[in-house]
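Chains, contacts and geometry: an overview
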Amino acid sequence: MPEELHAGWPPGTPPPSGLIQELAAELARCDPELELIGAAQPAELERLSRDFHDYSPLLVPLLHGCRAQLAVRATTVEQVRRVAAGCARLGVPLTLRGAGTGNYGQCVPLAGGVVLELSGLNRLRQLEPATGVVEVEPGLVMAALDQQLAVHGRALRLQPSTYRSASIGGFIAGGSGGIGSLRWGFLRDPGNLLGLEVVTVEPEPRLLRLDAAASAPLNHAYGTNGILTALRLPTTEAVAWQQLVVGFDAWDSALAAAAALPATALLLNALSLLEAPIAARSPWPAGCPAAVPGEHRLLLLAAPDTLEVLPGWLQARGGTVRWQAPQGESKGLPLRELTWNHTTLHWRAQQQGWTYLQMLLPQPEAPCLAALRRRWGEDLLWHLEAVRQQGAPRLAALPLLRWSGEEPLTALMQQCRELGAVIFNPHTITVEDGGLGVVDADQVAAKAAYDPAGLLNPGKLRGWLER
Ligand code: FAD
């Protein structure tokens, strides 16, 4: 554990257990309804201190042994304030948790202390009929939120492939994009977050309402600079998306189709391209034939009105529709759970010793992919996702990588950068290093304003440690 993470006790150790007991006793006294999970429930404490960082062989040893000393389940904003006040008064680190599906150890407490689990703070507070804007509490699971929106003909703009389990607060604080990113870009693009309600971590916590501009520094900050207790988000019109699986014999044809399709007037919500070895080992929705050897697969979520044109458009480019079904009506896995990091999940479930990388590919993509293929061969398998970057269609990639150590990983990232790709490194714990590598002064300023003692998720905001 890095030494600089600690607040007021000797480096290398979590807060003294006496302090945690004092905090637990104070919380229990103030609110007997508050659910507290302490040292008597070590397995539950362990579970609430974990996420999906085991996709990274570098993060596993780094985060080994990091565990909360107390977990608290809050169901009201008032309870959140009590926990924040108690932690601030005693100087105890506080790490927030939604559903714990993050990939970079975002909700693993590096410095012990308290994990505050917010899945019980889960109401849809308001849906403005005229605009479709929603105000929602952070613990609401995205699929459940979407169900409530669907009644009004609305839907979330952006969804991670973990949409059936992840919380909306965890997505805003820890996610980046996903299904819908080829229409709406990434979470941090202006317009995707309209406002926040935030509890500060101070002896007398404030409850603030921030507009879009003031909310931006808390968007994708890993819960290091404020506790989100409500989010104001735009929604989009609900569409009865059709799931399509398209087979291609030739990689070059599949790649050309993947690059060209988002620039047409055909309305899509997701486009993923899986190279043949990945397609061969992926599970498929019930009724969808398995991929034949050598078959690359394009996965689409397409609007119903594309169906008159799409099969012919694909056919002309070497693609054949293998399977089609309305989203929500097929059995088994929904197609969205074969995309984004679910591709990595399915591959790792079958193959030992693999990890992944994330990048935005340069345009044109083919020379970069060919150069990487020459060097890495079958140790790097391609999985592409269509996104919108600063308004323009682009292809991102989450390639699967056979793990052979940190040095080859560094060499691969270096080669990708030299070829013009932008790396989003999933093998690091800080907000900055998982992004563009630069400190965002506004994120640090927000932490100084809303978490002046630096107790929230210590160790994850590099700009705070370096200030
Ligand atoms: P958690 O993991 O619980 O928390 C994430 C971060 O948010 C943590 O730093 C936590 O401290 C902070 N946080 C949680 N609640 C609050 C709050 N109320 N206030 C302030 N901070 C808070 N991500 C994507 O972006 N797109 C994808 O398509 C995608 N696919 C994935 C597929 C798989 C198989 C897996 C394992 C992960 C994937 N992820 C993806 C990562 C992750 O699922 C998402 O980012 C998800 O939205 C996180 O939500 P959560 O509720 O699990 O958050």
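Residues numbered from 1 in each chain as written. Predicted model: local features only at pLDDT ≥ 70, side-chain atom pairs only at ≥ 80, totals over all residues. Heavy atoms only, no water.

**Focus on helix α14 (residues 406–418)**
- Helix length check: α14 (13 residues) gives 18 Å between terminal C-alpha atoms against 18 Å at 1.5 Å per residue, within 8%.
- Restricting attention to buried positions, one finds in α14 the residues L409, L412, M413, Q415 and C416. The arc that holds the buried residues of α14, viewed along the axis, is 160°, so those residues lie on one side. When the buried face of α14 is taken as reference, the exposed residues oriented beyond 90 degrees from it are E407 and E418.
- Packed against the buried residues of α14 are β17 (359–360), α13 (366–376), β18 (380–381), β21 (400–402) and β22 (422–423).
- G420 lies just past α14 and shows a positive phi near 105°. (Helix = DSSP H or I, 4+ residues; strand = E, 2+ residues; numbered from the N terminus. Expected span 1.5 Å × (residues − 1). Buried < 20%, exposed > 50% of the residue type's maximum accessible area, 1.4 Å probe, protein only. Arc of directions from axis to C-beta. Contact = heavy atoms within 4.5 Å.)

**A few points about the site of the ligand**
- The environment of the ligand is formed by 37 residues, the closest being L96, G98, T101, S167 and G177.
- Between the ligand and the protein, one listed contact pairs an oxygen atom with a backbone N or O atom of Q106 at 3.1 Å.
- Within the complex, the protein chains bury 97% of what would otherwise be the 970 Å² of accessible surface of the ligand.
- Across the shell around the ligand, the residue classes tally to 16 nonpolar, 20 polar and one charged. (Near = heavy atom within 4 Å. Polar contact = N/O pair within 3.5 Å; in protein donor to acceptor, adjacent residues only side chain to side chain. Areas by Shrake-Rupley, 256 points an atom, 1.4 Å probe, with all protein chains shown as cover. Nonpolar A, V, L, I, M, F, W, Y, C, P; charged D, E, K, R; others polar.)

**Some remarks on the pairing of strand β13 (residues 268–274)**
- The element β13 is largely enclosed, with a buried count of seven among its seven residues.
- Two elements, β13 and strand β14 (residues 296–302), share six bridges in a ladder whose sense is antiparallel. Paired with L268 across the strands is A302, a residue of β14.
- Alignment of β13 against strand β19 (residues 383–389), held across three bridges, turns out to be antiparallel. Bridge pairing in β19 places S272 opposite E385. (Pairing = 2+ DSSP bridges.)

**Re the pattern of salt bridges**
- Tallying each qualifying case throughout the model produces 28 salt bridges.
- Residue E46 pairs with R50 through a salt bridge whose shortest N-O separation is 2.9 Å.
- Judged by relative accessible area, R50 falls into the partly exposed class, the value being 22%.
- Of the charged contacts, one joins E337 and R164 as a salt bridge, the two residues approaching to 2.6 Å between their closest N and O atoms. One end of the pair, E337, is in the loop between β15 (319–326) and α12 (340–350); the other, R164, is in the loop between β7 (154–156) and α6 (168–174), and 173 residues separate them in sequence.
- Overlapping salt bridges bring together R123, R125, E135, E137, E197 and R209 as one network. (Salt bridge = Lys/Arg side-chain N within 4 Å of Asp/Glu carboxyl O.)

**A look at the environment of P399**
- Tracing the backbone through its elements, the reader meets P399 in the loop between β20 (392–397) and β21.
- A sequence separation of 19 residues divides P399 from L380, and the C-alpha atoms of the two residues are 6.4 Å apart.
- If near-sequence neighbours (up to four positions away) are discounted, P399 is found in contact with T355, Y356, L357, M359, L380, L381, W382 and H383.

**Focus: α13**
- Listed in full, the buried residues belonging to α13 are C368, L369, A371, L372 and W376. Angularly, the buried residues of α13 cover 160° about the axis, an arc narrow enough to put them on a single face.
- Residues of α13 that are buried sit in contact with α9 (251–260), β18, β19 and α14.
- Immediately downstream of α13, the backbone of G377 shows phi near 50°, a positive value.

**Concerning the domain arrangement of the protein**
- Taken domain by domain, the protein comprises domain 1 (2–120 + 446–466), domain 2 (124–237) and domain 3 (242–423).
- Placing the centre of domain 1 and that of domain 2 at their C-alpha centroids yields a distance of 22 Å.
- Taken together, the contacts link 26 residues of domain 1 with 27 residues of domain 2.
- Our count for the domain 1 to domain 2 interface comes out at zero salt bridges.
- Seen at the junction of domain 1 and domain 2, the total is six residue pairs in polar contact (both at pLDDT 80 or more).
- Breaking the side of domain 1 that touches domain 2 down by element, the ones donating at least two residues are α4 (77–90), β3 (94–97) and α15 (441–450).
- The greatest single-element share of the side of domain 1 that touches domain 2, amounting to six residues, is contributed by α4.
- A class-by-class count of the residues in the side of domain 1 that touches domain 2 yields 17 nonpolar, five polar and four charged. (Domains from an automatic or database assignment.)

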